[in-house]
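A structural walkthrough
In case you want the letters, here they are:
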Amino acid sequence: MADNKSIARPGTRRDFLAAFAALTGSMLVGLPTRLRAEPASAGPADPHLIEDLVAANRILAAESVVDGYGHVSVRHDKDPNRYLIARSVAPELVTAADILELDLDSNAVDLRERKMYLERFIHGEIYKARPDVKSVVHHHSAAVIPFGVSGVPLRPIYHMAAFIGLGVPVFEIRDVAGMTDLLVKTPELGKALARTLGDKPAALMRGHGAVVVGESLAMAVGRSIYLQMDARLQAQAMALGDHVTYLEPGEVEKLRGLDSYDRAWELWKRKVAGAMK
Ligand SMILES: [Zn+2]
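All of the points below concern the structure found in this document. Source: prediction; values computed, not measured. (Residues numbered from 1 in each chain as written. Predicted model: local features only at pLDDT ≥ 70, side-chain atom pairs only at ≥ 80, totals over all residues. Heavy atoms only, no water.)

**So, the packing of helix H8 (residues 217–240) against helix H10 (residues 262–276)**
Following both chains from N to C, one finds H8 and H10 inclined at 85 degrees, their axes separated by 10 Å at the closest point. Classified by the angle between their axes, H8 and H10 sit roughly perpendicular to one another. Contacts from Leu217, Ala218, Val221, Gly222, Ile225 and Tyr226 of H8 reach H10 at Asp262, Trp265 and Trp268. Broken down by class, the residue content of the contact of H8 with H10 amounts to seven nonpolar, one polar and one charged. (Axes fitted to C-alpha atoms, helices over the stretch in contact; angles between N-to-C directions. Helix = DSSP H or I, 4+ residues; strand = E, 2+ residues; numbered from the N terminus. Parallel < 35°, antiparallel > 145°, perpendicular 65-115°, else oblique. Contact = heavy atoms within 4.5 Å. Nonpolar A, V, L, I, M, F, W, Y, C, P; charged D, E, K, R; others polar.)

So, in structure tokens, the structure goes:
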């Protein structure tokens, strides 16, 4: 009799826990969060910043810089040691509800059951290495791929992409990790990419894509759009003849500041505004 009771009790307790879990799902979902010792939040980000980050995702998709893959982040306005980025979702589908807050080790503040981008370390490690950077874009634009694999450097072919004249190094993941799946999915690989980027506005990633940074979302997004356009134009110019005239360093210097892209940013935002409602 006593044995029967001892068998029945744990079963009863499990039933109770199952019912309790069903009734208080959100509380139990919160439990692993505490067990993982997630970083503290810097507090709510400026709603306009989140709105702009959502717009940045939509703009990059509309301009075909990203497709189902690729991501954009922005540094938190209340704490430089936090950044905002969508959960793992296609950029064109991102809404404000998808935005996560991460620390610079790329741990989420309040992940719950959501998945994160595997390559989020690109963002966290660049924010650590570059205090001047407020936004990071990672994309796989087909137009830039040839310049990451051919030894032909990407160069500034027109004024809208003058920033390329500051230098666009190529990240060779084999140099730091041998044979990989090419994804920057560890802090060490993120650090290595940040080292290759140095103080430059962008870096190509051999056989993979590019990373582009800026002092604002508008700058990182604008540079991403014009990096892609420059790659197309340079390939076209090189196909036309051997003597392509690029911007001179003196011209690049005089064009510094043009790449805030503020005027274009308002236009790009307007164009995706309908889709965001
Ligand atoms: Zn990637």
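Picking up after the structure, the text goes on.
**Quick look at the coordination of the zinc ion**
Surrounding the zinc ion are the protein donor atoms Glu119 (OE), His138 (NE2), His140 (NE2) and His208 (NE2), at 2.0 to 2.1 Å. Of note is the zinc ion, whose four donor atoms meet at the metal with angles of 96 to 142 degrees in an arrangement that counts as irregular. Read in sequence order, the donor residues coordinating the zinc ion give the pattern E-x18-H-x1-H-x67-H. A residue pair is termed long-range when its members are at least 10 positions apart, and Glu119 in the loop between strand E3 (99–103) and helix H4 (121–129) and His138 in strand E4 (residues 135–139) qualify at 19 residues. Neither Glu119 nor His138 differs from the other in exposure class; each is buried. (Donors = N, O, S within 2.8 Å, 3.2 Å for Na, K, Ca; no water. Tetrahedral: all angles 85-135°; square planar, octahedral: opposite > 155°, others 65-115°. Buried < 20%, exposed > 50% of the residue type's maximum accessible area, 1.4 Å probe, protein only.)

**Digging into the pairing of strand E1 (residues 71–75)**
Burial runs high along E1: five of the five residues are buried. Where E1 meets E4, four bridges bridge the pair, whose relative direction is antiparallel. Bridging from a neighbouring strand, Ser73 pairs with Val136 of E4. Examined bridge by bridge, E1 and strand E2 (residues 82–86) share three bridges and lie antiparallel to one another. For Val74, the partnering residue across the bridge sits in E2 and is Leu84. Taken together, E1 and the strand that follows it, E2, pair antiparallel across an intervening segment of six residues. (Pairing = 2+ DSSP bridges.)

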